[in-house]
Every structure is written in structure tokens, then in C-alpha cells.
Amino acid sequence: MSKSNKPIVWGTFAAGGTVTAFVMPVLMLLTLLAGLGAVPQGLSYATLHGYASHWLGKLVIFAILFLSLWSSAHRLRITFYDFGVRADTLVATIVYLAAAAGTVASVIFLVRI
Amino acid sequence: MSQRVVELEVLRYNPETDSEPHFQRYSVSCEDEWVVLDALNRVKETIDPTLSYRWSCHMAVCGSCGMMINGEPKLGCKSFLRDYEGVIRVEPLAHFPIERDLVTVIDDFIGKLKRVKPYLIPKHEKPLTEGEYLQTPAELKKFKQYTMCINCMLCYAACPEYGLIPKFIGPAAISLAHRYNQDSRDGGRDERQEEIATTEGVWECSFTGACSEVCPEHVDPASALQQVKIKSTVDWYTEHLMPWVKK
Amino acid sequence: MGEEMSRRPYVREIPRHSWFFRHPRYMRYMTREITCIFIGAYTLLLLVGLQRLSQGEAAYESFLQVLREPAIIAFHVAALALAVYHTVTWFNVTPKALPLQVGEEFVPNAVIAGAHYVGWVLLSALVLVGAGVF
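Residues numbered from 1 in each chain as written. Chains lettered and ligands numbered in written order. Predicted model: local features only at pLDDT ≥ 70, side-chain atom pairs only at ≥ 80, totals over all residues.

Novice: What is the right way to read the overall build of chain B from this model?
Specialist: A tally of helices and strands in chain B yields nine helices and seven strands. With the principal axes as the frame, chain B shows a C-alpha extent of 70 × 40 × 30 Å. Scored against the burial criterion, the 247 residues of chain B give a buried share of 43%. Within chain B, counting contacts between residues at least 6 apart in sequence, those at least 24 apart form 64% of the total. (Helix = DSSP H or I, 4+ residues; strand = E, 2+ residues; numbered from the N terminus. Buried ≥ 20, exposed ≤ 12 C-beta atoms within 10 Å, placed from the backbone. Contact = placed C-beta atoms within 7 Å.)

Right, dumping it as C-alpha cells:
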């Protein structure tokens, strides 16, 4: 029996779970407010674009997206398993590929700003 | 001291005559302060001597009388009749094959206990002339709660991952490995990691937490498993990214 | 007697797709697990927003318009509730995974979890103030 390689994805899961626990509710509140018609100043194009143009802004945005993508993907893999979908390798491949695609996409978008 | 008539609905299974388990109802008069184990004993003594179940100490230290009581993994000796209303459903501990009546096949668990090497593996040979191991209260506290496990297997009955994936080493065995890993006298962590840092080791755990909820000794196996995951993850990155570092 | 008892252990199958309905603690666990679907979906929404941001003001404004769709608002409400559930369940178990021994005693779970809650509230307040909500 050899030691598992799960630590690779579990590390990001643990970090991502922590980060999403801290930031997701308030982010959702911001976009919800925007949807209700009261767009917060921080979500205006000028402000947000300015924030995302700065290297620190890019880093923070990337970190949140990266960690959230990978922790959600990992948890989704386990959730499928718990719902009785036993094809773990297939599910893992799909979710992690999706997270990887999202990661690449976020880099591309951030570079463009 | 007063009595009440308790209705027990017990899952019976005789491997020599039954193709499937079936429920049997018993009406037994019990003292108010009794536990389910007492009720079972009275059934066996006065109504049906064929009823089979494990028990021993009757005080929650031996871990023998684990069973499902109204669908919850409990010790028969720690389940007070006064806490139950109506018919009490008694079944063998979940996630284990039924040997006979309430007796389960526990070979899988025993095998897993052995695999995790639940004994001190000293860092180096220490002859008697060197005297005893010294341990501070702080060092003892690091692993003390994980020594309280009585091997009752309630955690295995509660763990959905063990139920779905029988090869999962499981809460109690991994917590016991953690108990020794945390012991300052021990040097066998690497050996135990070969067993518990595998897919069927700690990585099958999804932190449901049911194990800790049902543990009668407050061992909190879930916490042990998460700590093992963190240490295993640190190990993994150290081994793969910095292989020159000796642990 | 010479009679050998025949062993024929009976294996009770676990229903693969409905085991979690058996007990409230499993339902709570599954609720916690499915928070990832909503947090994941929201992350994709943010990703789309980031793309629109990189495409210029007009594209970003149309993204803000999409946020006003009733379906998106309904999604937000559900996602927010589940995100908070994720936060609470995560903070409550953090002390178990990361016990802190100071001297002989361990820092109580409530203190470690409490510190997370305080940090969360402070951070959220900071973000809201910084975003101009207050």
C-alpha cells in the first residue's frame, strides 16, 4: 500500500475552505446589493478596474478565485462520492480540469486588465 | 424503585436457520433506573435464552456492548430506559456483518487495529540502566484524550464512509495511531504513516464528524483524523519538494 | 458433540444514494457539503465578472445588469445562506484540526473558533466600508 497523493488537493482544499469561509459571504452580499439596484461604490467599473490594475489587487483576486475554484472542486468530488457516484477517477478528472480551466482563465483576464 | 414494562424490538438472526434477519418483540418488566443491557439480560434470563449479544463490564469501559438503539450507535450499558419512550428498537452495530442476533463480525476492525501498530516504537533502544522514560504533564496531555478509546466501534457504526467503503481503516484505528504518534516516547510515526497516509487510511475520511458525536468516551476521533491529514499533507510537500530534508 | 456451527455472516447493505436521510446529523453533513456547489457556481459568476471587467466598461455594465435578473438574485440569497453555513461549520471545526497547546493546557475550542468569528466580522465590515456600502 503506498501513501496517497491526495495531500496535493487537500492542501488547497483546506486553504480554500478557510479563505472562502472568510470572504464569500461579504462578496456575495456586495453583488447581491448590486443586483438589488444599489451598486456599491467599490463595484463601480472605475473603482474595481483601478483595484484590479494594481499588482496587489490582481494577487488578491487571483488568490481568492484560485483557492475557491480548487476547494469547491475537491469538495464537489467528495460530494459526488457521498451521493453514490462511484466513478471517482472520472469525477476527479472533470472537476479538477474545470478548476484548472478557471485558473487559467482568471490569469488571462487579470493580465488583460 | 418502580417498574415499567418495556417493549423491545430486537433484530434476530440465526445463521443456521435464517436466510435473513427479522425483528422479534419482547415485553419485559424493568426497573426504572435500568439500562437497555439490563432489559436484554432479563429477556435472556426469563423469556428467551437464545438471544445472543456481547457484554461484560456493564460500566462503559470494556467496549463490548455496542449496538444500534433506535438507530443510534450506543453502548447497551449506557442507554438508560428512562430516556426512551415506546418501543425500543435494538439492532446489531451498523456497518458490521451480523454473526448472530446482536453479535457482529469484528475481525475487520481487529485487523485494522493491528495494522496501525498501536504500541510504542521507541526512537532508539533504551536499556533499563538508562532508567525510565520521563514525560511532562504537557507531553502527556498531547495524547491523553486519544488513550481513552475502549474499542467499542460505535464510531465505525456512525461513520458513513466506513459504511460505504469497508476498506477504510476508520476512526478508532487511526486515532490510536495518532495517540502513539503524539506520544513523546514514540519514534514510530514513519512506520504508521505507511498504513494511515494511504487512500484507505485517513484520506477516506470526509470529516463528517459522526464518529466524535457518538463516542461514549469523548475521544473525538474526528479531531485526530484531521490532525493526521494536516501532518500528512505537510509530510507530502516536504518529501516531494524538499527531499533532502530528513524528517 | 462434534457438531460444527456453520457461520454465515449477514451483510446489511447501505443504500448508496439515500443513506444520509437516515439521521439529522447526516443531513447536516450533506448540507455542508453541497455548499460547495453554490460557492463554486458563485466563483464562476465572479470569473465571468472578471472577464467582463477586462473587456471594458460597456461589457462590465452589462454584467451588472445581469446581476439584477430575478434568477440571479434568488441564487444569491440561497448562496449567501449556504456560504454562511459553510463559514459557521468551518470555524466550528477549525480548533479540532489545529489544537493549540499553551503550556500544559489547550486553548479552548470556543476561543479559537471565537477568534475566527471576530476576524470574519471585522474583515467583512472592513470590506463593506471599503466598498462604500456604509
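Novice: Honestly, the interface of chain A and chain C in this entry has me stumped. Any pointers?
Specialist: In this complex, chain A contributes 45 residues to the contact, which on the side of chain C involves 44 residues. Those elements giving two or more residues to the side of chain A that touches chain C turn out to be helix H1 (7-35), helix H2 (45-53), helix H3 (55-82) and helix H4 (88-112) of chain A.

Novice: Would you explain helix H1 (residues 36-47) of chain B in this entry?
Specialist: At 3.6 residues per turn, the α-helix brings residues three or four places apart onto the same side. Residue and element names in this part refer to chain B. Between the first and last C-alpha of H1 there are 15 Å, a value that for twelve residues agrees with the 16 Å anticipated at 1.5 Å per step. Among all positions of H1, only Val36, Leu37, Asp38, Ala39, Leu40 and Val43 are buried. On its buried face, H1 sits against strand S1 (3-12), strand S2 (22-31), strand S3 (66-69) and strand S5 (88-92). (Expected span 1.5 Å × (residues − 1).)

Novice: Would you mind going over the interface of chain B and chain C with me for this structure?
Specialist: A common measure of how large an interface is: the accessible area buried when the components associate. Each side of the interface is counted separately: chain B has 26 residues, and chain C has 20 residues. For the side of chain B that touches chain C, the elements supplying multiple residues, two or more each, are strand S6 (98-100), helix H3 (137-141), helix H5 (160-164), helix H8 (210-214) and helix H9 (221-241) of chain B. Looking at the side of chain B that touches chain C element by element, the count peaks at five residues for H9(B). For the side of chain B that touches chain C, a count of residues per class yields 14 nonpolar, six polar and six charged. (Nonpolar A, V, L, I, M, F, W, Y, C, P; charged D, E, K, R; others polar.)

Novice: When you look at unusual backbone geometry in this model, what are you seeing that I'm missing?
Specialist: Trans peptide bonds make up the majority, and among non-glycine residues the majority have a negative phi. Residue and element names in this part refer to chain B. One non-glycine residue, His58, adopts positive backbone phi at about 60 degrees. By the C-beta count within 10 Å, which is 17 here, His58 ends up partly exposed. Even without a glycine there, the phi angle at His218 is positive, about 55 degrees. With respect to the secondary-structure elements, His218 resides in the loop between H8 and H9.

Novice: Would you mind showing me how to read the nonpolar core here?
Specialist: In summary, soluble globular proteins display a tendency toward joint burial of nonpolar side chains. B:Met153, B:Cys155 and B:Ile174 are the most contacted members of the largest nonpolar core, which has 64 residues in total. Per element, the largest residue contribution to this core is six residues, and it comes from helix H6 (residues 171-181) of chain B. The two domains that each donate at least three residues to this core are domain 1 (3-104) and domain 2 (107-241) of chain B. Among the nonpolar cores identified, the runner-up in size contains 42 residues, and A:Ala73, C:Phe38, C:Ile39 and C:Leu80 belong to it. (Core = buried A, V, L, I, M, F, W, Y, C linked by C-beta atoms within 7 Å. Domains from an automatic or database assignment.)

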